[in-house]
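Geometric and topological summary
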Amino acid sequence: MNKPPLGERAVAALIRYESAAAELTRIKKAIVTTLEKCPITIEAYKTFDDKSPLWDNSRVNHHLHQALTATVSDYCSERRLDQEEITDQLTGWDDESEGACPHCLAAWGLILARKDARQEFGNAKRLVRAIGKLAIKASQP
Ligand SMILES: [Zn+2]
């Protein structure tokens, strides 16, 4: 079976690239708006006092930030929480339920989705470049 003409493949690649870029932008914006719904973020924005426990230097110390910066003792060393432990903490499935927050959990889900979206964006970009190289080759006598 023959491949479709280069022009058709180029348009399909551009559609894929633009769709992936738009999806990545959508996820990035959704992460910000979702974290703005966290009660800690709402309180932190009222104070703007970076000495407050609501802030970790210039970053809001919301439940997601706490989960991402938390450490646990693993034998004789300290380590960060893994993906599953972060999910458990934000869901409240760990021992203490103080870390639970539906907004931070939703933001965490978006962060995980952003990984896939970044990968698709990278694949789409490589495809556009590959077709660009083919087009250059095809245009040369
Ligand atoms: Zn939260």
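Note that the structure is predicted; figures quoted are calculated from it, not measured.

1. Observations regarding the coordination of the zinc ion
- The protein atoms that coordinate the zinc ion are Cys38 (SG), His63 (ND1), Cys101 (SG) and Cys104 (SG), at distances spanning 2.0 to 2.3 Å.
- Each of the four donor atoms around the zinc ion contributes to a set of angles spanning 99 to 119°, which defines the coordination as tetrahedral.
- Counting residues between consecutive donors of the zinc ion along the chain gives the motif C-x24-H-x37-C-x2-C. Across the pair, Cys104 and Cys101 agree in class, each one buried.

2. Observations concerning the pairing of strand β4 (residues 77–80)
- As paired elements, strand β3 (residues 71–74) and β4 share four bridges and run antiparallel to each other. Of the residues in β4, the one forming a bridge with Ser73 is Glu78.

3. Looking at the layout of surface pockets
- For the largest pocket, the calculated volume is near 320 Å³.
- Forming the boundary of the largest pocket are 13 residues, of which Leu35, Arg59, Val60, His62 and His65 lie nearest the centre.
- Secondary structure elements with two or more residues in the lining of the largest pocket: α1 (6–35), α2 (39–47), β2 (59–60) and α3 (63–69).
- Of all the elements, α3 adds the most residues to the lining of the largest pocket, at four residues.
- Split by residue class, the lining of the largest pocket holds seven nonpolar, four polar and two charged.

Conventions we followed
Residues numbered from 1 in each chain as written. Predicted model: local features only at pLDDT ≥ 70, side-chain atom pairs only at ≥ 80, totals over all residues. Heavy atoms only, no water. Donors = N, O, S within 2.8 Å, 3.2 Å for Na, K, Ca; no water. Tetrahedral: all angles 85-135°; square planar, octahedral: opposite > 155°, others 65-115°. Buried < 20%, exposed > 50% of the residue type's maximum accessible area, 1.4 Å probe, protein only. Pairing = 2+ DSSP bridges. Helix = DSSP H or I, 4+ residues; strand = E, 2+ residues; numbered from the N terminus. 1 Å grid on protein atoms, 1.4 Å probe; cavity = no way out; pocket = protein on both sides within 12 Å on 5 of 7 lines; lining within 4 Å. Points joined across faces, edges and corners; volume = space filled by probe spheres on them. Nonpolar A, V, L, I, M, F, W, Y, C, P; charged D, E, K, R; others polar.

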